[in-house]
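# Descriptive structure summary
Now for the letters of each chain:
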Amino acid sequence: MQFKIIQPDDWHLHVRNGKALKSVISMTAKQMGRAIIMPNLNPPITNAKDACAYREEILTALPNDSTFKPLMVLYLTNNTTPKDIQEAIDNDVIAAKLYPAGATTNSDSGVTNIKNIYHTLETMQTLNMPLLIHGEVTDPKIDIFDREAVFIDQILTQIVHDFPELKIVFEHITTQNAVDFVRESSNKIAATITPQHLLNNRNDMLVGGIKPHFYCLPILKRAKHQTALITAATSANPKFFLGTDSAPHAKHDKESACGCAGVFSAPHAIELYAQAFDQAQAMDKLEAFASKFGADFYDLPRNTTTLTLEKHPWTVPDEYKFGNSVIVPFMAGKTLNWTSNTTLSPPS
Ligand code: NCD
Ligand code: ZN
């Protein structure tokens, strides 16, 4: 059985830099037309100059014949100015990312109080630059499983109220609360959903032994939230679209007493989404979620190439090379039912 869709894009991706970047970028480029490249390097991408240099590094790391387009994002800090935003826009940086300080990998330079960047958000609203949000509070007193829901109540509701025309992507949502919030908000508000949050819940990570390759932030939640995410993703609502949050960390950094957060799904991202949509008997909804709604939200043209999915079970490799180390992909050793091939034929 075959399924032909417009070539997808990944609206939330981490590719790192240096040797790690060289190991992973072609995996995304072989199936995605474009990807939003998250700016949480160390040090982070906080100005237009760094974003341009990072874009060049990515383009250089791509195979020669690749047409993949990296879409660059600014990392907001307490010191980001309206001028930084203007310069970023002038250099084709398409969005800015809010990491609450301390929320996740390389977020130490993030924003400590949202009010610190209100002038900057004002400028983004005026210039129509989307704000991408890692939606978790960092208060140590708040339970890790509640951090997204509390963020909605304490911070996101306020931002949306104070900047009603600001485009916002609530990244990698993980709860029924987030689904409801996005669904009930204006059409300025959208969300990305990862494959791991569609395919798994916290039992998969914690029952029968702790499985570090399921650990990412925001953390997997209970089954009812997984169900809400599946319903949202397969609902043909243009507010919900594909963003893998593929976040590569070396095997030894994951399989550790203090393991890094991040699931590495880039090599078979679309196959993972196909698995989830197929399980929900919603393959006919996959193309819009993966290849239309994201581009539409960002006011970008849809891709003109296609990708063919074929029902052909295969086993995910145990490891890939990753710089001088190795990396364990999501679902390593497991069977996935779909394989993909990109072609340069126009969609029919
Ligand atoms: C991401 C990373 O490793 O860069 N990790 C993750 O668990 N998702 C950061 C992020 O998006 O939170
Ligand atoms: Zn991420």
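The following refers to the structure shown. If you're wondering where the values come from, they're calculated on a predicted model, not measured in any experiment.

## Points about the overall build of the chain
Helix and strand content of the chain: twelve helices and 13 strands. Seen along its three principal axes, the alpha-carbon backbone of the chain occupies a region of about 50 × 45 × 40 Å. Evaluated residue by residue, the chain yields a buried proportion of 56% over its 348 residues. In the chain, the share of contacts with a sequence separation of at least 24, taken over all contacts with a separation of at least 6, comes to 73%.

## As for the sheet that holds strand β8 (residues 189-193)
Strands sit in the order β2-β3-β4-β5-β6-β7-β8-β9 across an open sheet of eight strands; the sheet is parallel. The open sheet terminates on both sides in strands that have one partner only, identified here as β2 (10-13) and β9 (240-242). Between one strand and the next, the sheet's axes are offset by a mean angle of 30°, whatever the strand orientation. Here four bridges tie strand β3 (residues 34-37) to strand β4 (residues 69-75), and the two strands are oriented parallel to one another. Across the sheet, A35 pairs through a bridge with P70, a residue of β4.

## Side note on the coordination of the zinc ion (ligand 2)
Coordination sphere of the zinc ion (ligand 2), protein contribution only: H12 (NE2), H14 (NE2) and D245 (OD), at 2.0 Å. Note that the zinc ion (ligand 2) binds four donor atoms; their angles at the metal cover 93 to 142°, and the shape is irregular. Each donor residue of the zinc ion (ligand 2) lies on the same chain, and together they follow the pattern H-x1-H-x230-D. Here H14, found in the loop between β2 and α1 (18-29), pairs with D245, found in the loop between β9 and α10 (251-254); they are 231 residues apart in sequence, far enough to count as distant. Looking at H14, the relative accessible area reads 7%, which means it is buried.

## As for helix α2 (residues 48-61)
The terminal C-alpha atoms of α2 lie 20 Å apart, and with 14 residues this matches the ideal 20 Å at 1.5 Å per residue to within 8%. Packing partners of the buried residues in α2 comprise α1, β3, β4, α3 (82-90) and β5 (93-98). Capping of α2 at its N-terminal end is provided by N47; its side-chain oxygen lies 3.2 Å from the backbone amide nitrogen of K49.

## Considerations on the packing of aromatic side chains
For the structure on display, the rule yields eleven aromatic pairs. Plain terms: the ring middles of F241 and Y298 are 6.5 Å apart, the flat faces sit at 65° to each other, and that makes the pair edge-to-face. Here F241 is found in strand β9, whereas its partner Y298 is found in the loop between α12 (286-297) and β10 (306-315), with 57 residues between them in sequence. Side by side, F241 and Y298 carry an identical accessibility label, which is buried. Considering the side-chain rings of F277 and F289, the 5.2 Å spacing of their centres and the 45° angle between planes classify their relative orientation as tilted. Of this pair, F277 sits in helix α11 (residues 269-279) while F289 sits in helix α12, and the two are twelve residues apart along the sequence. Members of the aromatic cluster, connected to one another through ring pairs, are W11, F241, F297 and Y298.

Calculation criteria
- Residues numbered from 1 in each chain as written.
- Chains lettered and ligands numbered in written order.
- Predicted model: local features only at pLDDT ≥ 70, side-chain atom pairs only at ≥ 80, totals over all residues.
- Heavy atoms only, no water.
- Helix = DSSP H or I, 4+ residues; strand = E, 2+ residues; numbered from the N terminus.
- Buried < 20%, exposed > 50% of the residue type's maximum accessible area, 1.4 Å probe, protein only.
- Contact = heavy atoms within 4.5 Å.
- Pairing = 2+ DSSP bridges.
- Axes fitted to C-alpha atoms, helices over the stretch in contact; angles between N-to-C directions.
- Donors = N, O, S within 2.8 Å, 3.2 Å for Na, K, Ca; no water.
- Tetrahedral: all angles 85-135°; square planar, octahedral: opposite > 155°, others 65-115°.
- Expected span 1.5 Å × (residues − 1).
- Polar contact = N/O pair within 3.5 Å; in protein donor to acceptor, adjacent residues only side chain to side chain.
- Phe/Tyr/Trp six-rings, centres within 6.5 Å; stacked < 30°, edge-to-face > 60°.

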